[in-house]
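Reading the structure
Now for the letters of each chain:
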Amino acid sequence: MTEAKQIDSIRAEVLNALETGEHNAIHQGDLADKLHMSAEDLKRIIRGMRKEGFEILSSRKGYFKSGSEAETERFLKMMSKQAATRFSSITAFRKKKGD
């Protein structure tokens with residue numbers, strides 16, 4: 001099996017393991033166990049899938065596929081806030097360092 005087909009197979013497994021809607025979210029550790037991979041590998045795979053536009057959402061309850069536009073918007077708002085917080089921390093750190 002080529003590397004591209006392996007990646008497609010793993011992506012399909014991730015998507016098949018996820019349920020739709022936050023009420024069906026699965027915790028990261030449980031999902032990793034279900035897919036027979038480490039939590040770190042799972043995070044890396046999902047990060048890559050998200051970068052390609054796969055609507056894999058997460059909350060404190062775990063990972064899930066979007067069940068509504070409202071869920072997607074809540075997720076995007078959360079991610080935007082996290083990004084802004086990280087960016088302001090980076091900016092403050094660099095300012096203090098004198099960069």
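Everything below is about the structure printed above this text.
Bear in mind the structure is a predicted one, so any value in this text is a computation, not a measurement.

Take the nonpolar core next. Ranked by internal contacts, the top residues of the largest apolar core, which has 13 residues, are Val14, Leu18, Leu31, Leu42, Ile46, Ile56 and Tyr63. Put simply, the parts of the chain that give this core at least two residues each are α1 (3–17), α2 (28–34) and α3 (39–51). Those residues in contact with Ile46, other than ones at most four positions away along the chain, are Val14, Leu31, Ile56 and Tyr63.

Here the focus is unusual backbone geometry. At His36, a position not held by glycine, the phi torsion is positive, near 55 degrees. By the element assignment, His36 lies in the loop between α2 and α3.

Quick look at α1 now. Its 15 residues place the ends of α1 21 Å apart at the C-alpha level, agreeing with the 21 Å of an ideal helix rising 1.5 Å per residue. As for α1, its buried residues are in contact with α2, α3 and β1 (56–59).

Definitions and limits used
- Residues numbered from 1 in each chain as written.
- Predicted model: local features only at pLDDT ≥ 70, side-chain atom pairs only at ≥ 80, totals over all residues.
- Heavy atoms only, no water.
- Core = buried A, V, L, I, M, F, W, Y, C linked by side-chain atoms within 4.5 Å.
- Buried < 20%, exposed > 50% of the residue type's maximum accessible area, 1.4 Å probe, protein only.
- Helix = DSSP H or I, 4+ residues; strand = E, 2+ residues; numbered from the N terminus.
- Contact = heavy atoms within 4.5 Å.
- Expected span 1.5 Å × (residues − 1).

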